Amino acid sequence: MQEMMIAKAKELLGSGAVNRVLGWKTGEFVYDITPAVFTSVEELEKDFVYNDFCGNNLSKYLIKESRKEGKILAFLKPCDTYSFNQLLKEHRILRDNVYVVGVPCEGKTDGETLKAKGVKGILGIRTEGDSFVVDTLYGEKTLAKADALPERCLSCKSKKHMVYDELLGPEGEVLDSHRFDMVEKIEKMTPDERFEFWRGELSRCIRCNACRNVCPACSCEKCVFDNDASGIAQKAAADSFEENMFHIIRAFHVAGRCTDCGECSRVCPQNIPLHLLNRKFIKDIDTFYGEYQAGEDTTTRAPLTNYDPGDVEPSIVYGKGGKK
Amino acid sequence: MQDVKTFKPKIVAFCCNWCSYAGADLAGTNRLNYPADVKIIRVPCSCRVNPMFILRAFQRGADGVILCGCHPGDCHYTTGNYYARRRMTLLFSMLDYLGIEKERTRVEWVSAAEGAKFAQTMNEFVEAVTKLGENKRLEDLRCKK
Amino acid sequence: MRKLPIDQLSALFQAIAEKEALYIPADDSSGQARFQRWHEGMEMTQALNTVRSAKDFFFPQTENLVDFKLKGKEIEVIDPRTEHEDFVVFGVRGCDARSFTILDKVFLAEPVDTYYKSRREHGTIVSLACTHPEETCFCSTFGIDPAAPEGDARGWIEGDSLYLEALTEKGEKFLAAVADKTSECGDEAVRAQQEKTRDIAKKLPLHELNLTGFNGENMLKLFDSKKWGELSQACLGCGTCTFVCPTCQCYDIRDFNTGSGITRFRCWDSCMYSDFTKMASGNPRLTQLERFRQRFMHKLVYFPANNEGEYGCVGCGRCLAKCPISMNIVKVAKALAEEVR
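Treat the numbers as computed from the prediction; the structure is a model and nothing was measured.

Rules behind the numbers
Residues numbered from 1 in each chain as written. Chains lettered and ligands numbered in written order. Predicted model: local features only at pLDDT ≥ 70, side-chain atom pairs only at ≥ 80, totals over all residues. Helix = DSSP H or I, 4+ residues; strand = E, 2+ residues; numbered from the N terminus. Rg over C-alpha atoms; globule rule 2.2 N^0.38 Å. Buried ≥ 20, exposed ≤ 12 C-beta atoms within 10 Å, placed from the backbone. Contact = placed C-beta atoms within 7 Å. Pairing = 2+ DSSP bridges. Axes fitted to C-alpha atoms, helices over the stretch in contact; angles between N-to-C directions. Nonpolar A, V, L, I, M, F, W, Y, C, P; charged D, E, K, R; others polar. Parallel < 35°, antiparallel > 145°, perpendicular 65-115°, else oblique. pLDDT = per-residue confidence, 0-100.

Peer 1: Help me out: how do you make sense of the overall build of chain B in this one?
Peer 2: The helix and strand inventory of chain B stands at 4 helices and 4 strands. Computed over its C-alpha atoms, the radius of gyration of chain B comes to 15 Å, within 12% of the 15 Å expected for a compact globule of 145 residues. C-alpha atoms of chain B, sized along the principal axes, occupy 40 × 35 × 20 Å. When the 145 residues of chain B are sorted by exposure, 56% land in the buried category. Summarising the internal contacts of chain B: among those between residues at least 6 apart in sequence, 83% fall at separations of at least 24.

Peer 1: When you look at the overall build of chain C in this model, what are you seeing that I'm missing?
Peer 2: Helix and strand counts for chain C come out as 11 helices and 12 strands. The globule rule puts the C-alpha radius of gyration for 341 residues at 20 Å, and the 22 Å found for chain C is close to it. By its C-alpha atoms, chain C is 65 × 65 × 40 Å across when sized along the principal axes. For chain C, with 341 residues in total, the buried portion stands at 40%. Here the contacts in chain C between residues at least 6 apart in sequence split such that 70% fall between residues at least 24 apart.

Peer 1: How should the interface of chain A and chain B be read in this particular structure?
Peer 2: A common way to express how large an interface is: the accessible area buried when the components associate. The interface of chain A with chain B comprises 33 residues on the first partner and 33 residues on the second. In terms of residues, the side of chain A that touches chain B owes the most to one element, helix α10 (residues 240–253) of chain A, which gives 7 residues.

Peer 1: I keep staring at the sheet that holds strand β2 (residues 34–38) of chain A and nothing clicks. Help me out?
Peer 2: Strands pair in a sheet through their backbones, by hydrogen bonds, and they do so in one of two ways: parallel or antiparallel. Residue and element names in this part refer to chain A. Pairing is mixed in the open sheet, where 5 strands are placed in the order β2-β1-β3-β4-β8. The open sheet has two free edges, formed respectively by β2 and β8 (166–167), since each of these has just one partner strand. With 5 bridges connecting them, strand β3 (residues 72–76) and strand β4 (residues 98–102) associate as parallel partners. Note that in β4 the partner of L73 across the bridge is Y99. Helix α1 (residues 2–15) rests against β1 (20–25), β3 and β4 of the sheet, and its axis sits at about 165 degrees to β3.

Peer 1: Is there a simple way to think about the interface of chain C and chain A in this case?
Peer 2: In this assembly, 40 residues from chain C lie in contact with 34 residues from chain A. Of all the secondary-structure elements, those providing two or more residues to the side of chain C that touches chain A are α5 (188–203), α8 (240–244), β11 (251–257), β12 (261–268), α10 (318–322) and α11 (329–340) of chain C. Here the residues of the side of chain C that touches chain A sort into 18 nonpolar, 12 polar and 10 charged.

Peer 1: So what exactly am I meant to see when it comes to the sheet that holds strand β4 (residues 62–71) of chain C here?
Peer 2: All names here are of chain C. Pairing is antiparallel across the open sheet formed by 4 strands, whose spatial order is β5-β4-β12-β11. The open sheet has two free edges, formed respectively by β5 (74–78) and β11, since each of these has just one partner strand. Neighbour-to-neighbour, the strand axes of the sheet open up by a mean angle of 20 degrees, direction not taken into account. The sheet contact formed by β11 and β12 spans 7 bridges and is antiparallel. Each bridged residue has a counterpart across the sheet, and for I253 the counterpart in β12 is R266.

Peer 1: Explanation requested: the environment of A15(C) in the structure shown.
Peer 2: All names here are of chain C. Within the fold, A15 resides in helix α1 (residues 9–19). Owing to 15 C-beta atoms within 10 Å, A15 belongs among the partly exposed residues under this scheme. As a C-alpha pair, A15 and V178 span 163 residues in sequence and 7.0 Å in three-dimensional space. Those residues in contact with A15 that lie beyond four places of it in its chain are V178 and K181.

Peer 1: What am I meant to see in the pairing of β1(A) here?
Peer 2: Looking along a regular strand, one sees the side chains alternate between the two faces of the sheet. Residue and element names in this part refer to chain A. Burial analysis of β1 places 5 of its 6 residues in the buried class, which makes it a mostly covered element. Pairing analysis gives 3 bridges linking β1 to β3, with the strands arranged parallel. Paired with L22 across the strands is A74, a residue of β3. When β1 meets β2, the two strands line up antiparallel, connected through 5 bridges. Note on β2: the bridge partner recorded for K25 is T34.

Peer 1: How should the packing of helix α1 (residues 20–29) of chain B against helix α4 (residues 115–132) of chain B be read in this particular structure?
Peer 2: Packed helices, taken two at a time, are described by the angle their axes make and the gap between the axes. All names here are of chain B. Direction vectors running N to C along α1 and α4 enclose 90 degrees, while the axes themselves pass 7 Å from each other. On the basis of their axis angle, the class for α1 and α4 is roughly perpendicular. Within the contact between the two elements, α1 uses S20, G23, A24, L26 and A27 and α4 uses G115, K117, F118 and A119. In terms of residue class, the contact of α1 with α4 is built from 5 nonpolar, 3 polar and 1 charged.

Peer 1: What exactly am I supposed to notice about the environment of V119(A) here?
Peer 2: Residues and elements named next belong to chain A. Residue position: V119 is located in the loop between α5 (111–116) and β5 (122–128). V119 sits in the partly exposed class, given 18 other C-beta atoms within 10 Å. C-alpha separation for the pair V119 and D135, spaced 16 residues apart in sequence, amounts to 9.4 Å.

Peer 1: Looking at this model, I keep getting lost on unusual backbone geometry. Mind explaining?
Peer 2: If a residue is not glycine, its phi is most likely negative; likewise, a peptide bond is most likely trans. Backbone torsion omega between E110(C) and P111(C) reads -5 degrees, so that peptide bond is classified as cis. Along the chain, P111(C) falls in the loop between α2 (94–107) and α3 (114–122). Phi is positive for D260(A), which is not a glycine, with a value near 65 degrees. By C-beta crowding, D260(A) is classed as buried, having 23 other C-beta atoms within 10 Å.

Peer 1: Hey, could you run me through the confidence of the model for chain C in this one?
Peer 2: Overall, the prediction assigns chain C a mean pLDDT of 93, with 100% of residues at 70 or greater. We note a pTM of 0.93 for the whole complex and an ipTM of 0.92 for its interfaces.

Spelled out as structure tokens, the structure:
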């Protein structure tokens, strides 16, 4: 696939159809891949990479890139196309300035996930059928691919591209994922258990803002938490209340717009399962207002900018959720 | 938890200017009783209430927060309360998901003519929150010093 | 050198904890290693290092500096500090142990930061030698020997024993306090382990990282490098690298209105943030390029220029592992090396 992508990029750069290419760049190790904009054939040949570690969602970069001179070629995975579509809907990306090439994805892993499986001192990696063979400082280690993927890929919602100008490789399907299983499990807990669970998770937050800054839905020019004049600007959670507030408000602000790409949980240095907050909103929206997948299209109204006179009353919440 | 008999909850009530605030006014002119611990904040429309307002009220020491607006279909701005309804439904559900007592938050539709309903709603809400006791799960300790 | 059978480790912890607070790296409910106050039954983590560094012990993420209370027209100023208890941090790795020296240069220089100093005086650092460094480790670049860490005392776990050695007066005191649990021994086992570890350290992929030329003389050349644009291109402007870093020491001071007074607190800040060093006239660093450059110039150039060549990095590798877009100090140093050689 990588060769096909480089060939496509060279072709489009050569013909002048685009003047830049948005993709992934190799790093020091096999897994530390950085999103990058390539402008020449030499750069592409030297550093362009597409492998099992290219997990970064590239769509958010297009907010800025699509406003620059000329057209940019963007390689987007199925996940990324949902975000791309959602940003189009919000008029954040200038569609005419982007040439989207859809690329297939079989799930992306990362160094952290491998290390959580007990792999130490990663030097290299190769794929053998359904497993990864990892060469480490302390010998070789074989991991089944299914075990070495992060949660977001194990509960992948779709391998289908929502938008593209051209597709490399075969098109995938929307999958019947089990992504709400954990949300349901938490809902079934008692309020005390839920409170303990979330305090345990959110109290680890160090307010690095990685979840917010990586999120394609968090595209505000100035976040309320960065705005001194807002009265609630926070650089650190000085009280547990602020941890709760930041995450509730952030999840709420992207409710109905979050495509569930899972970047927030991937980047969290403290491994807080932030996607479980977003998925709760997605699940509630599906239940209360009908099935809705953000990023599926660019025309319908989002659930929170829409209403129905017959909507459920907020009191429905009192009858729901968990043992007392 | 504090003694239920002596504990008086602090309640913040966001009332829309056109219906519920007038409803509260009517409750007053009709000399209907409702607890003095209910602090009313007038907002132009129920949909003016950002989820942040609710959380901030809790941060600043509220034990319960109630939002009152025009009945669905009667919004002064035609549709504001429809949006508020969706937002609050999702927010309350999220609070519940985080293990924060859902009975501390409520939405009630009160028209300008429903002074009695306003007083009754407040009495019921204060009673429910009194039973829950002090807000411990969504408090900011710095504000309680 | 003193020695203790490893199955007596809990008994050792018990003995320490009876006298003062003891912190060890242990896994939390999510399976991540972090320093936690020891209690009976808590076991040391198997992970090489904690996700957050050990700097929290002396320079916590948030800390109240002063409270103001209003009484009529009077303002009462309250120092919220309470007397610190003595504490022991056990199991600090060589990289983190060195980071305290770097932080000392900032906080103990005039004017001395009394908040930091007080914590430092009450803390005893017992470091622990590494045996299985990761590919992200590059402490040797800064002259740190993972097999012989710094600290008040240091330890090695080899076979079924823990070996301990004091390095400072505080360390002597620590060892004396647990003398009945340990016995005098030779250092052959430790030497053998050290050799093994040093052999592995030589095989680490970043072992050869060379910082020659990163100094005050090349400041402008490095500052004006064309490479910064490309390097900072994908940076999200989050604070992950800063907050997991054992040597990042920038902070902000803020006031919080509690309704009945003001709490003035300080908290970690990150030069990667858009409002870092914001002044009345605005922010001096307008784009992510300048913010990104600031972080690495500080660590690789400004800090050594002001501190006899000591870099503001200890090679712990946390930022390499944690950066959401995998851009880090190693990549920056390698890319800029050609500017100065």
